[in-house]
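Now for the letters of each chain:
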Amino acid sequence: MEEISSPEIKTIAVMGGGSWATALAKMLVRNCGHIVWYMRRDDRIAEFKERGHNPAYLSDVEFDVEKIHFTSDINEAVRLADTLLLAMPSPYFKAHVAKITESLADKAVISAIKGIVPEDNMTIAEYMIQRYGVSRSRMMVIGGPCHAEEVALDRLSYLTIGCADIAMAEAAARCLGSHTVRTIISLDVEGIEYAAVLKNVYAIAAGILHGMKSGDNFTAMTVSNAIREMERFIDALDSRPRNICDSVYLGDLLVTAYSKFSRNHNFGSMIGKGYSVTAARMEMEQTAEGYYGTKCIYEINRRYGVDMPILEAVYSILYENQHPRRAISKMALHLT
């Protein structure tokens, strides 16, 4: 019988220059030896080469820049790599990939973006499959619990890789795994993506409660309801069997809701302390993905009508100018 060869990843292009892109690049350089790295700004690339680290994010992480081919030309990055790792914030994703003129039909794509395509209200995977012809069997997504800051510090972390083709996911795991990053393989691409969006929404809710000094009891009640709300929503969109208590769902929710590294929690905390939404967004040095994810999920749920009182409370605060105490009081009536 003819032996079927396993998929192989030879050259990965990291697409994005933020903290998550930097943490993933650290793992890839260590495992693969050489990567391509697309960053939008030439001045950042020049500074990176000179200093040996990302000048703007996770600057304590040192790189051997001789092992990195930097480029500000996204099409050059596509040409040089067989696999693209998307790691830019979701609000800017569409503008970046719109510049791609090279065919992606023969490329493998890994999405590390924890958001939805704004306005289109599509997951990143579905957008790349439908708009750019990426094969479903070569479209991968990754989920946590895996904060970039802790990966950079070599703290034990867990990364779930989802793909319709298990062998393809295993090939990505060989590139991303290490003694400090354990990898888990999953078929649940859609569930992983929606969970990654929703946990940011719920982290904003937990942050608001923290800022309001609502107490640990109420926060725990909210988060325990949040995982059930997440399950209801994901099951309405994709009813495949899944255990919502798995790390990529519950674990990622917990770390994002409670961690000091969680920008969504910190964003919500500022709102709970009395910042306006606009002021809190301006104060944030990095993108709080949950701000955009809240609107996307709210609009998607208009088609499904899933009971989501926590999402609705966050939406009313962020987009309808409702006072946090009023929105949270209303939400509390629906918690069980």
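Heads up: the structure comes first, above all this text.
Residues numbered from 1 in each chain as written. Predicted model: local features only at pLDDT ≥ 70, side-chain atom pairs only at ≥ 80, totals over all residues. Heavy atoms only, no water.

Draft legend 1. Spotlight on the environment of G162. Relative to the helices and strands, G162 is located in strand β9 (residues 157-163). G162 sits 43 residues away from E119 along the chain, and the two C-alpha atoms are 25 Å apart. The contact partners of G162, leaving out residues within four places of it in the chain, are M139, M140, V141, S186, V189 and I192. (Helix = DSSP H or I, 4+ residues; strand = E, 2+ residues; numbered from the N terminus. Contact = heavy atoms within 4.5 Å.)

Draft legend 2. Highlighting the environment of E50. Within the element layout of this structure, E50 appears in helix α2 (residues 42-51). What makes E50 exposed here is its relative accessible area of 69%. Taking the C-alpha atoms as reference points, E50 and Y38, separated by twelve residues in sequence, lie 17 Å from one another. (Buried < 20%, exposed > 50% of the residue type's maximum accessible area, 1.4 Å probe, protein only.)

Draft legend 3. Spatial organisation of the side chain of T256. Mapped onto the secondary structure, T256 falls in helix α10 (residues 247-258). One polar contact links the side chain of T256 to the main-chain carbonyl oxygen of D252, over a distance of 2.6 Å. Dropping the residues within four chain positions of it, T256 is found in contact with H147, K199, N200, A203, S262 and H265. (Polar contact = N/O pair within 3.5 Å; in protein donor to acceptor, adjacent residues only side chain to side chain.)

Draft legend 4. Structural detail: the layout of surface pockets. For the largest pocket, the calculated volume is near 940 Å³. Lining the largest pocket are 40 residues, and of these G18, S19, A87, P89 and R263 sit closest to its centre. Class assignment of the residues belonging to the lining of the largest pocket gives a composition of 17 nonpolar, 13 polar and ten charged. One number sums up the size of the second largest pocket: a volume of about 310 Å³. Residue lining of the second largest pocket: 20 residues in total, with T123, E126, R136, V189 and E190 positioned closest to the centre. Counting residues per element, the ones that place at least two in the lining of the second largest pocket are β7 (122-123), α5 (124-132), α8 (189-211) and α13 (289-304). By residue number, the principal contributor to the lining of the second largest pocket is α8, which donates four residues. (1 Å grid on protein atoms, 1.4 Å probe; cavity = no way out; pocket = protein on both sides within 12 Å on 5 of 7 lines; lining within 4 Å. Points joined across faces, edges and corners; volume = space filled by probe spheres on them. Nonpolar A, V, L, I, M, F, W, Y, C, P; charged D, E, K, R; others polar.)

Draft legend 5. Region of the structure containing the sheet that holds strand β2 (residues 35-38). The strand order across the open sheet built from eight strands is β3-β2-β1-β4-β5-β8-β9-β10, with neighbouring strands paired in mixed fashion. Only two strands of the sheet have a single partner each, and these edge strands are β3 (68-71) and β10 (181-186). Sheet twist, expressed as the mean angle between neighbouring strand axes with direction ignored, is 20°. As paired elements, strand β5 (residues 108-111) and strand β8 (residues 139-143) share three bridges and run parallel to each other. Considered in β8, the bridge of S111 is made with V141. (Pairing = 2+ DSSP bridges. Axes fitted to C-alpha atoms, helices over the stretch in contact; angles between N-to-C directions.)

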